Amino acid sequence: MRVEDAAEPDMIAAEAAAGAFLKALGVETDSDHLRDTPGRMARAWAEMLTPRPFDLTTFPNDERYDELVLARDIPFRSICEHHLLPFTGHACVGYLPGERVLGLSKLARVVEHFACRPQTQERLTKQTADWLQDRLGARAVGVVIRAEHSCMTLRGAQATGSSTVTSTLLGHLRTDPRSRQEFLSLAGF
Ligand SMILES: Nc1nc2c(ncn2[C@@H]2O[C@H](COP(=O)(O)OP(=O)(O)OP(=O)(O)O)[C@@H](O)[C@H]2O)c(=O)[nH]1
Ligand SMILES: [Zn+2]
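As annotated in an unreviewed UniProt entry, the chain carries the name GTP cyclohydrolase 1 and is attributed to Glycomyces albidus. Here the chain is described in UniProt, under the heading Subunit (unreviewed entry), as follows: "Homopolymer." Per UniProt, the chain has the following entry under Sequence similarities (unreviewed entry): "Belongs to the GTP cyclohydrolase I family."

Structure representation (structure tokens):
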């Protein structure tokens, strides 16, 4: 199954808007140094808001592996929808396989798929878990995310060094306290 986002950014409009935005803030862009900055800004934001397409490859679970599969420390960057500033951190994504197992890299790709858009950390966590549960036919899915929000550390509250942890546990991982504990301990929480 191919996963892609059809929306193409309008780079000409984005560059013009970036130039107008800088001008409104009193940043002149007519020097040799800043002349290309609106274009760079447009490309940088488009890159961060456009997920890369990928194939959701699965394999038959011939060995009937029935314990947790868990990818830890998946780095990601996303954009907070309130300030459009980056939040960055690590995700841990795990599941209890059913008939099929998932290509491991796809756990990281699903996180990226939902991170490349204006987001909240809670929604990123829940969307990743729900999407995997729907597509995988897994007996359980768990997602834990720890992230630093630059809107909270570099400005505003300026709570330097603070991080936020969110989790979504579905199926057996939610209902069985021992499985839940095992997941959180393997996830390093
Ligand atoms: N729940 C949640 N809140 C977020 C997330 N990212 C940013 N925020 C918060 O969104 C809120 C927006 O609040 P406002 O009071 O409208 O914005 P603000 O005046 O810039 O607030 P300060 O950041 O406190 O200066 C802030 O408290 C942010 O910390 C997120 O992923 N989840
Ligand atoms: Zn924010």
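Q: How should the overall build of the chain be read in this particular structure?
A: Regarding its fold elements, the chain presents seven helices and nine strands. Projecting the C-alpha coordinates of the chain onto the three principal axes gives extents of approximately 65 × 40 × 20 Å. Nonlocal contacts in the chain, meaning residues at least 24 apart in sequence, comprise 71% of its contacts between residues at least 6 apart.

Q: It is not clear to me how the sheet that holds strand 8 (residues 140–149) should be interpreted in this structure. Could you clarify?
A: The strands making up a sheet are joined through hydrogen bonds of the backbone, oriented either antiparallel or parallel. With mixed pairing, five strands are arranged side by side in an open sheet as 7-4-5-8-9. Unpaired on one side and paired on the other, strand 7 (118–119) and strand 9 (164–171) mark the two borders of the sheet. In the packing of helix 4 (residues 121–136) onto the sheet, contacts are made with strand 4 (69–80), strand 5 (86–96), strand 7, strand 8 and strand 9, and the angle to strand 9 comes to roughly 25 degrees.

Q: What's the story with helix 4 in this structure? I'm lost.
A: For helix 4, built from 16 residues, the straight-helix expectation of 22 Å at 1.5 Å per residue is met to within 8% by its first-to-last C-alpha distance of 23 Å. Turning to helix 4, its buried residues are Leu124, Thr125, Thr128, Ala129, Leu132 and Leu136. With its buried residues spanning 120 degrees around the axis, helix 4 presents them on a single face. At the C-terminal side of helix 4, Gly137 shows a positive phi close to 60 degrees.

Q: Quick question: what am I supposed to make of the domain arrangement of the chain here?
A: Interfaces are frequently sized by the accessible area removed from exposure as the parts join. Under the domain assignment used here, the chain contains domain 1 (2–49) and domain 2 (56–186). Centre-to-centre separation of domain 1 and domain 2, based on C-alpha positions: 30 Å.

Q: It is not clear to me how the UniProt feature "binding site: Zn(2+)" (unreviewed entry) in the chain should be interpreted in this structure. Could you clarify?
A: Within this structure's numbering, the places UniProt gives as "binding site: Zn(2+)" (unreviewed entry) are Cys80, His83 and Cys151. The annotated residues occupy 72 residues of the chain but converge on a single region, no pair of C-alpha atoms lying more than 7.9 Å apart. Its place among the elements puts His83 in the loop between strand 4 and strand 5. Of the residues examined, His83 has 15 C-beta atoms within 10 Å and is grouped as partly exposed. Examined against the element boundaries, Cys151 turns out to sit in helix 5 (residues 150–153). With 16 C-beta atoms packed within 10 Å, Cys151 lands in the partly exposed category.

Q: Please explain the pairing of strand 5 as it appears in this structure.
A: Remark: a regular strand shows side chains that alternate across the two faces of the sheet. When you tally the buried positions in strand 5, you get eight out of eleven residues, the bulk of the element. Pairing analysis gives nine bridges linking strand 4 to strand 5, with the strands arranged antiparallel. Its bridge partner being in strand 5, Pro75 is matched across the sheet by His90. Inspection of the sheet shows strand 5 paired to strand 8 by ten bridges, in the antiparallel sense. Its bridge partner being in strand 8, Gly94 is matched across the sheet by Gly142.

Q: Could you clarify how one ought to interpret the confidence of the model for the chain in this entry?
A: Low pLDDT means the predicted atomic positions in that stretch should not be read closely. In the predicted model, the chain carries a mean pLDDT of 95, and 99% of its residues have values of at least 70. Confidence estimates for the predicted assembly give a pTM of 0.95 and an ipTM of 0.92.

Q: Looking at this model, I keep getting lost on the packing of helix 1 (residues 11–24) against helix 2 (residues 37–49). Mind explaining?
A: Between two packed helices, both the angle of their axes relative to each other and the distance between the axes serve to describe the pair. Relative to each other, helix 1 and helix 2 sit at 120 degrees, their axes nearing to 8 Å. With respect to each other, helix 1 and helix 2 are oriented oblique. By crossing handedness, the relation of helix 1 to helix 2 is classed as right-handed. Of helix 2, the residues touching helix 1 (which contributes Met11, Ala14, Glu15, Ala18, Gly19 and Leu22) are Thr37, Pro38, Gly39, Met41, Ala42 and Ala46. Split by residue class, the contact of helix 1 with helix 2 holds eight nonpolar, three polar and one charged.

Reading the values: the criteria
Residues numbered from 1 in each chain as written. Chains lettered and ligands numbered in written order. Predicted model: local features only at pLDDT ≥ 70, side-chain atom pairs only at ≥ 80, totals over all residues. UniProt positions renumbered as here; feature names shortened; annotations may be inferred. Helix = DSSP H or I, 4+ residues; strand = E, 2+ residues; numbered from the N terminus. Contact = placed C-beta atoms within 7 Å. Pairing = 2+ DSSP bridges. Axes fitted to C-alpha atoms, helices over the stretch in contact; angles between N-to-C directions. Expected span 1.5 Å × (residues − 1). Buried ≥ 20, exposed ≤ 12 C-beta atoms within 10 Å, placed from the backbone. Arc of directions from axis to C-beta. Domains from an automatic or database assignment. pLDDT = per-residue confidence, 0-100. Parallel < 35°, antiparallel > 145°, perpendicular 65-115°, else oblique. Left-handed = near helix turned anticlockwise from the far one by under 90°. Nonpolar A, V, L, I, M, F, W, Y, C, P; charged D, E, K, R; others polar.

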